[in-house]
Amino acid sequence: MPLFALICRDAPGMLETRLAVREKHLGWLDRRPGLQLAGPFIEDGRPCGSLLIVEGESLDEVRAWAAHDPYAEAGVFGSVEIVEWRKVIG
């Protein structure tokens, strides 16, 4: 099954919302089959976005799934880029 990278950048001023929604976001991630890795980008010691690598049927399927991320629904993300990705090393 193809892998997809989700590169999510937080909108300005969303740190408090990110922290408030974090547990819901983590629970949502736990329910995703094929989630390979996930974690925040860090800037000045604070989370400022997310990187996820997930297996998916298609780009459209992963886009639809990502739209229901609690962070996305709460407006945390200012941008989300989803691209097919291939693991070569690691």
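Residues numbered from 1 in each chain as written. Predicted model: local features only at pLDDT ≥ 70, side-chain atom pairs only at ≥ 80, totals over all residues. Heavy atoms only, no water.

Looking at an unreviewed UniProt entry, one finds the protein chain named YCII-related domain-containing protein and attributed to Paracoccus aminovorans. Turning to the protein chain, the UniProt record has this under Sequence similarities (unreviewed entry): "Belongs to the YciI family." (UniProt positions renumbered as here; feature names shortened; annotations may be inferred.)

A few words on the environment of V62. For V62, the position within the fold is in helix α2 (residues 59–66). The exposure class of V62 is buried, given its relative accessible area of 0%. Each C-alpha atom of the pair V62 and V83 lies 9.6 Å from the other, and the pair is 21 residues apart in sequence. (Helix = DSSP H or I, 4+ residues; strand = E, 2+ residues; numbered from the N terminus. Buried < 20%, exposed > 50% of the residue type's maximum accessible area, 1.4 Å probe, protein only.)

It is a probe the size of a water molecule, rolled over the atoms, that shows where empty space is left. Taken as a whole, this structure holds one cavity of 30 Å³ or more when the rule is applied. Considered as a void within the structure, the largest cavity measures approximately 40 Å³ in volume. L6, C8, W28, L52, W65, A66, D69, A72, F77 and V80 together form the lining of the largest cavity. Among the secondary structure elements, those contributing two or more residues to the lining of the largest cavity are β1 (3–10), α2 and β4 (77–85). A per-class count over the lining of the largest cavity returns nine nonpolar, no polar and one charged. (1 Å grid on protein atoms, 1.4 Å probe; cavity = no way out; pocket = protein on both sides within 12 Å on 5 of 7 lines; lining within 4 Å. Points joined across faces, edges and corners; volume = space filled by probe spheres on them. Nonpolar A, V, L, I, M, F, W, Y, C, P; charged D, E, K, R; others polar.)

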